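Fold and geometry: a report
Chain by chain, the residues:
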Amino acid sequence: MSNKYFVDKIDPYNKIQQKKRRSGTGSSLFNTKSSTEQQTLPLLRDTPATEQEALFISKLNQCSIIYNFDEPLIDIRGKEIKRACLSEIDEYVVNGKGVLSEPVYPELIQMVASNIFRIIPPVEPVLYDPDEDDPLLVSSWPHLQLVYEFFIHVLESPDFQANFAKKYIDQRFVLHVGKSEQTFDDYICHLLLIS
């Protein structure tokens, strides 16, 4: 009888615990890069105007990385870089003029889609009364909220050009928005339909 088999006979939960530990790290649910690959990019406001579009696209790509928020101590640096980057690009769209150029749209829509159209891990059932309790939010809500707000500001921007966006925001995209969190869905769908 091998040692491994003997240990499994004594502690049948050993295999279950090992599986649980492995599932939290390196899960295919998350398109992650290690925080060593995540680099703080220069601020858009400190970049010459001729280089801002390329930097904006790089920041959109950086914000497409999805982190596992169920593991709060993993990739802390990467999560913070993404949060700061989301805040910066939101401010850039709100305060900038002419920042939504045609080359930005595919990357912008890809970033929004990769963040809001994802598999939400199952949650343990909890006694919850929607009339009395605060809403239950997924652990990644702080980043998701920034993505939703950014997308809303893009749609409300005077620079938003529906003819460019329609190449990338198709019916499938709108249907996916309708299936994601209900917090901003009605508003986003309304804006997409009137554009």
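Look above for the structure.
Some points on the nonpolar core
Ranked by size, the top nonpolar core spans 35 residues in total, and within it Phe56, Ile89, Leu100, Leu108, Met111, Val112 and Phe150 carry the most contacts. Elements represented by at least two residues in this core include exactly helix H3 (49-62), helix H4 (76-95), helix H5 (104-116), helix H6 (141-156) and helix H7 (162-165).

Focus on H4
Counting along an α-helix, one turn takes 3.6 residues, and residues three or four places apart therefore face a common direction. For H4, which comprises 20 residues, the first-to-last C-alpha distance of 29 Å matches the rise-based estimate of 28 Å (1.5 Å per residue) to within 8%. Among the residues of H4, those classed as buried are Gly78, Lys79, Ile81, Lys82, Cys85, Leu86, Glu88, Ile89, Asp90, Tyr92 and Val93. Next to the buried residues of H4 lie H3, H5 and H6.

As for unusual backbone geometry
Positioned with a positive phi, Asp75 is a non-glycine residue whose angle comes to about 55°. Along the chain, Asp75 turns up in the loop between H3 and H4.

As for the side chain of Glu88
By the element assignment, Glu88 lies in helix H4. Residue classification places Glu88 among the buried residues on the basis of a relative accessible area of 14%.

Here's the deal with the packing of aromatic side chains
Under the criterion given, the structure shown has 3 aromatic pairs. Taken together, a centroid distance of 6.2 Å and an interplanar angle of 55° make the contact between Tyr105 and Phe160 tilted. One end of the pair, Tyr105, is in helix H5; the other, Phe160, is in the loop between H6 and H7, and 55 residues separate them in sequence. Taken together, Tyr105, Phe160 and Phe164 form an aromatic cluster joined through their ring pairs.

Some words on the pattern of salt bridges
What the rule picks out here adds up to 3 salt bridges. One salt bridge in this structure joins Lys59 and Glu88, with 2.6 Å as the shortest N-O distance. With a gap of 29 residues between them, Lys59 in helix H3 and Glu88 in helix H4 connect regions that are remote in the sequence. With respect to class, Lys59 is no different from Glu88; both count as buried. The closest approach of N and O atoms between Glu80 and Arg83, which form a salt bridge, is 2.4 Å. Note that Glu80 and Arg83 are positioned in helix H4 at a spacing of 3 residues, about one turn of the helix. Overall, the relative accessible area of 34% leaves Arg83 in the partly exposed class.

The rules we used
Residues numbered from 1 in each chain as written. Predicted model: local features only at pLDDT ≥ 70, side-chain atom pairs only at ≥ 80, totals over all residues. Heavy atoms only, no water. Core = buried A, V, L, I, M, F, W, Y, C linked by side-chain atoms within 4.5 Å. Buried < 20%, exposed > 50% of the residue type's maximum accessible area, 1.4 Å probe, protein only. Helix = DSSP H or I, 4+ residues; strand = E, 2+ residues; numbered from the N terminus. Expected span 1.5 Å × (residues − 1). Contact = heavy atoms within 4.5 Å. Phe/Tyr/Trp six-rings, centres within 6.5 Å; stacked < 30°, edge-to-face > 60°. Salt bridge = Lys/Arg side-chain N within 4 Å of Asp/Glu carboxyl O.

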